[in-house]
Structure formats: structure tokens, C-alpha cells
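The lines below spell out each chain.
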Number of protein chains: 2
Amino acid sequence: MKRMGMMIGIRADQIEEYNRIHAAIWPEVAAVISACNITNYTIFLKQPENILFGYWEYVGEDYSADSAKLAASPAMKRWWAVTDPMQEPVATRKGGEWWAMMEENFHMD
Amino acid sequence: MKRMGMMIGIRADQIEEYNRIHAAIWPEVAAVISACNITNYTIFLKQPENILFGYWEYVGEDYSADSAKLAASPAMKRWWAVTDPMQEPVATRKGGEWWAMMEENFHMD
């Protein structure tokens, strides 16, 4: 299992709507996330910096393949078409990233 | 169980040392964290912004009492005397906070 942390900005005027849609995530989106071996997924918000932190646990064997499968899913494409304009990715993200991945530097069970 | 997310800055010149000491956290510090009902604790780092994101799961019944117990522990006081000067708390943290707590706005198992 691999723990993954990621960050992105959110537009101040979109926070309420972002929270609203995430309180009722489309079932087909939740299904494809689970099918891609992502579990225990939480998003946290810090205001007034308007930073989102995502945390999930990847329980599959091939993250690269599973993230490609996620990205190819019609449900995710529809979802991201809604959420991407709400977000403001950090300028320092790596090529191919939207949310910028973070480095795990401590863990205890 | 309550999932908690928190953020703080880290001094660029302290990152290497911060990682080094967290790779060998004192056993008495790990013991008191566990005794205070904190589990699945991970810290992530984002460079070059030098932001730390902490995630843990609180499995006790009274977080206020457990966090007071944590803060009163001699082991934690010694640990924080080392780590506090490495960190740069965000200006927008609430009264009594060091790490700034974040709001959970999405979760799926």
C-alpha cells in the first residue's frame, strides 16, 4: 500500500460549490476511483490560503496503469470538466500533474 | 474515528535534518502519540513551497483531553523543542494552534 499526498489551489469563489458537489459525488466517479485501487481518500481545505490537500491510499500493484485507467474513464472526464475550472494548480507542479504530488517524509501506524 | 489534516511551513535549510530525525523518531515520542489515540500518521512535504501536510486518524473519544495529554508529555516537549524551530507556522493559524488545522471537505472509503 502506498500513501499519497497531493495539493492544489481552489478559487475562493468556488469553495462552496466544490464542497457541495463533493458531498454528493457521482456514483460512477466513486466507482471508478475504487476500481483504480484508491481507498481512504480524503480532501482537506485550508482557508484563507485556499489550498486543498488530498490524501489517499493506493492499494493496487501498478499505479501508473491505474492512473491512466482513471484518466481515460468517461465518468472522470466529465467530473474533471466540472472541477478543473474550480481549481488553481500550483505553478511548481511537475509535467503531467494537475494536483501536485507531495513526498512522504514520515509515517507511523 | 476522526480524520485530521494540518499544515505548517518548514525552513528550507532544515528539511534535510527534519527528514533525518523523522526517519528515526524517538520511541518515547511514538509511544505517547499512540497513547493519545493517534494512528495512521503521515507527513508529506511539498517543495519548493516548503509546506508540510500532516494527516492522522484520531481513534479516541476526547480529542481535547488527548491533545492536552500529548502537550503535557515530557517526551513531546523535548521533541517539539527540536522541531518547532525548524517549522514556520502559517500566519493564519488559530489561537493555540502550531500546525494549522484544516477542514475535511470530502471523504470516500
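Colleague: Tell me about the side chain of B:Lys46, and please be specific about residues and values.
Modeller: With respect to the helices and strands, B:Lys46 occurs in strand 2 (residues 38-46). Since its relative accessible area comes to 3%, B:Lys46 is described here as buried. Dropping the residues within four chain positions of it, B:Lys46 is found in contact with A:Met7, A:Val90, A:Thr92, A:Ala100, A:Met101, A:Met102 and B:Ile51.

Colleague: Tell me about the pattern of salt bridges, residues and numbers included.
Modeller: Enumeration over the complete set of coordinates arrives at twelve salt bridges over all chains. Of the charged contacts in the structure, one is a salt bridge between A:Glu104 and A:Arg3, with a shortest N-O distance of 3.9 Å. Here A:Glu104, found in strand 6 (residues 103-108), pairs with A:Arg3, found in strand 1 (residues 2-10); they are 101 residues apart in sequence, far enough to count as distant. A salt bridge links B:Lys46 to B:Glu49, with the shortest nitrogen-to-oxygen separation between them at 2.8 Å. We classify B:Glu49 as partly exposed; its relative accessible area is 29%. When salt bridges with common partners are traced through the structure, they connect A:Arg3, A:Glu104 and A:Asp109 into a single cluster.

Colleague: Explain the packing of helix 2 (residues 27-35) of chain B against helix 4 (residues 74-83) of chain B to me, using residue names and the numbers behind them.
Modeller: Residue and element names in this part refer to chain B. Following both chains from N to C, one finds helix 2 and helix 4 inclined at 120°, their axes separated by 9 Å at the closest point. Between helix 2 and helix 4, the angle is such that the two are oblique. Read as a crossing pair, helix 2 and helix 4 show a hand that is left-handed. Residue-level contacts link Glu28, Val29, Val32 and Ile33 of helix 2 to Ala75, Met76, Arg78 and Trp79 of helix 4. Its residues assigned to classes, the contact of helix 2 with helix 4 comprises six nonpolar, no polar and two charged.

Colleague: I'd love a proper account of the interface of chain B and chain A, names of residues and values included.
Modeller: Each partner contributes to the interface: chain B provides 39 residues, whereas chain A provides 40 residues. Here chain B and chain A share an interface that buries about 3,500 Å² over both sides, 62% of which is from carbon and sulfur atoms. Looking only at chain B, the three residues that lose the most surface to chain A are B:Asn105, B:Phe106 and B:Met108, adding up to 21% of its buried area. Across the contact surface, chain B and chain A share zero salt bridges. Counting only elements with at least two residues in the side of chain B that touches chain A, the list comes to strand 1 (2-10), helix 1 (15-22), helix 2, strand 2, strand 3 (51-58), strand 5 (100-101) and strand 6 (103-108) of chain B.

Colleague: Break down helix 1 (residues 15-22) of chain A for me, with residues and values.
Modeller: Residue and element names in this part refer to chain A. Those residues of helix 1 not exposed but buried are Ile15, Tyr18, Ile21 and His22. For helix 1, the arc enclosing every buried residue in end-on projection is 135°, short of the 170-degree limit, so these residues lie on one face. Of the residues in helix 1, the exposed ones pointing more than 90 degrees away from the buried face are Glu16 and Arg20.

Colleague: Can you break down the relation of the copies chain B and chain A residue by residue, with the values?
Modeller: With an RMSD of 0.0 Å, chain B superimposes on chain A once it is rotated by 180° and translated 0.0 Å along the axis. Such a combination of rotation and displacement between the chain copies is what one expects of a two-fold axis. In this assembly the copies share their binding face: 100% of the residues contributing to the interface of chain B also contribute to that of chain A.

Calculation criteria
- Residues numbered from 1 in each chain as written.
- Chains lettered and ligands numbered in written order.
- Predicted model: local features only at pLDDT ≥ 70, side-chain atom pairs only at ≥ 80, totals over all residues.
- Heavy atoms only, no water.
- Helix = DSSP H or I, 4+ residues; strand = E, 2+ residues; numbered from the N terminus.
- Buried < 20%, exposed > 50% of the residue type's maximum accessible area, 1.4 Å probe, protein only.
- Contact = heavy atoms within 4.5 Å.
- Salt bridge = Lys/Arg side-chain N within 4 Å of Asp/Glu carboxyl O.
- Axes fitted to C-alpha atoms, helices over the stretch in contact; angles between N-to-C directions.
- Parallel < 35°, antiparallel > 145°, perpendicular 65-115°, else oblique.
- Left-handed = near helix turned anticlockwise from the far one by under 90°.
- Nonpolar A, V, L, I, M, F, W, Y, C, P; charged D, E, K, R; others polar.
- Buried area = accessible area lost by both parts, 1.4 Å probe.
- Arc of directions from axis to C-beta.
- Least-squares fit on C-alpha atoms with pLDDT ≥ 70 in both.

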